[in-house]
Amino acid sequence: MLRLSSIWKASKIVQSALLVAALLGCSHIERPPIPKVIVDPPPPDSVNGTYTLDQYNTDLTAYASATGDAQAVLRNKMAYGVMAEIDYVYRNYEVSLFMNQSTFNVLADTLQLGLATATTITNGERAKTVLGAVLTGVTGTTLSIDKNFFRQQTVQALISSMQANRDRIKALIIQRLDTQDTATYPYQAVRSDLINYFFAGTLPAALQQLHQVAGTNAETQRAVLEQVSTADLKNSFAINAAIAADKANGFPKTKQFLTLLGVQVDPTMTDAQIEAAVRSLAPRTIDPEFRTKYFAAAKSAGLIN
Amino acid sequence: MATNQQLVDGSLSLDQQQQSLQFFEQVSFAKLIDYTKSGSNSNGGPPANQATFQDVPFGQQPPPIQLQAAKDDNDAASIMAAQVKAGKTIVFHATVFVGGKETIVIGFR
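The text that follows walks through the structure, step by step, so that each part is easy to find. (Residues numbered from 1 in each chain as written. Chains lettered and ligands numbered in written order. Predicted model: local features only at pLDDT ≥ 70, side-chain atom pairs only at ≥ 80, totals over all residues. Heavy atoms only, no water.)

1. Some details on the overall build of chain B
What counts, and what does not: In DSSP terms, a helix is any run of H or I states spanning at least four residues, a strand is any run of E spanning at least two, and both are numbered starting from the N terminus. A simple rule labels every residue: compare its accessible area, found with a 1.4 Å probe on the protein chains alone, to the largest value its type can have, and call it buried under 20%, exposed over 50%, or partly exposed in between. Residue contacts follow a heavy-atom distance rule, with two residues in contact if any of their heavy atoms lie within 4.5 Å. Values of accessible area rely on a 1.4 Å probe in the Shrake-Rupley scheme; residue burial ignores everything except the protein chains shown.
Within chain B one finds two helices and six strands. Each helix and strand of chain B, placed in order from N terminus to C terminus, yields the pattern β-α-β-β-β-α-β-β. Here chain B holds 109 residues, and the buried ones make up 56% of them. Considering only intrachain contacts with a sequence separation of at least 6, the fraction spanning at least 24 residues in chain B is 64%. Total accessible area on chain B stands at roughly 4,200 Å², and carbon and sulfur atoms take up 46% of it.

Here it is in structure tokens:
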């Protein structure tokens, strides 16, 4: 039987081998080969659904003269096309960050690292693509980076931060595309949001969010940790299960729970909106006073005894 | 699914941190996916850890996160092997603050 220490050492050897292979340009080690139907840009003389710069320019021209539903269709088409491009470059960037962590750490001594690295990895190949067109005229911001703080952030934490930023903005864009017409959410506004979406997936944005999270709420978070009693934990399990079960009936008790906590509940709210409202209460439970109200409201609404 | 982050007081004991993380998983309908040291104490405040949570669909809450400390890397490997053998999933393996001191901790469920 292999000793566990041997297994551990073997895993380290494998990790090192993977890194060496990646550095030698064996790009298929960290991910499988990208299928031709989604690779961007597409293979020569092929079409695979990639949103090209020519298509974008055609749609943008048509958008200017379109009206009503036709204009909305074009707006949405451009939005989702560009979003797909941004997602593609971000995923490649994420893989690159993960596989080059040692290089990442060495470069931690350089200010403006994040933006420089992001630009090199993403914009260098994108100058003539729709992404380049969307980002034309936009310059990244310089972030003063605390080197010590930067060193302490693992690539994983930074990737999580970037993904959180991106998810938030993407959800907002999709919601606006679904609910607002071109008068209230014209493509110019979409483009602005798409630019924010792109830069949300860069190291400066990740660092900025981590700085903000780290620099605020430390007092309240410390209070939470001291005051999460066994009873509170038990109640949290019960409320989670009760709300999940309430979903099958259309969330009647949950809506009452939200109303008791001051959340405006509209009869037309979808399940997704109810769930989002429930989740939004979580950070507020950090405050012991609000947590007491949270449990009281759950009891009044019949979610717990 | 969306992710969000929460600071956790690194001066608490391991059991206290586990309890708080489990609490936040339940109220936010999410699961812990990463736990690392935070640099928030650079301004002289108490040591803190950063928890990253990922939303889970309502009604699909996974088993609560459990934490176990390890003496060293060999001990960590042993703990992880035992938990995997018991059918658990390793969520993270990192050095975080516990009781104010850097400690190797494994998170599993």
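What follows continues from the structure just given.
2. What about the side chain of R75 of chain A?
Residues and elements named next belong to chain A. Put simply, the rule is: We score Asp and Glu as negative and Lys and Arg as positive, and we do not count His or the chain ends. The salt bridge definition used is simple: a Lys or Arg side-chain nitrogen within 4 Å of an Asp or Glu carboxyl oxygen. By the criterion applied in these results, polar contacts are pairs of N or O atoms within 3.5 Å in which, for protein atoms, one can donate a hydrogen and the other can accept it, and in which residues neighboring in sequence qualify only through two side-chain atoms.
Structurally, R75 is set in helix 3 (residues 68-99). In this structure R75 is buried but unpaired, with D181 as the nearest side chain of opposite charge at 6.1 Å. Polar side-chain contacts of R75 include one of 3.3 Å to the backbone oxygen of D181. Not counting the four nearest positions on each side in its chain, R75 is found in contact with Y63, R176, L177, Q180, D181, T182, Y185, P186, Y187 and V190.

3. Remarks on the sheet that holds strand 4 (residues 66-70) of chain B
All names here are of chain B. The test is simple: Each pair of strands is called paired provided DSSP finds at least two bridges between the two strands. Only the stretch in contact is used when fitting a helix axis, every axis being a line fitted to C-alpha atoms; angles between N-to-C directions are given from 0 to 180 degrees.
Pairing is antiparallel in the open sheet, where three strands are placed in the order 4-6-5. Both outer strands of the open sheet, strand 4 and strand 5 (90-98), are each paired with one neighbouring strand and no more. Averaged over neighbouring strand pairs, the angle between their axes works out to 30 degrees when direction is ignored. For strand 4 and strand 6 (residues 101-108), the ladder comprises five bridges, and the chain directions are antiparallel. Its bridge partner being in strand 6, A70 is matched across the sheet by I104. Here helix 1 (residues 14-28) sits on the sheet in contact with strand 4, strand 5 and strand 6, set at roughly 155 degrees to strand 4. Relative to strand 4, helix 2 (residues 73-85) is tilted by about 145 degrees, and along the sheet it contacts strand 4, strand 5 and strand 6.

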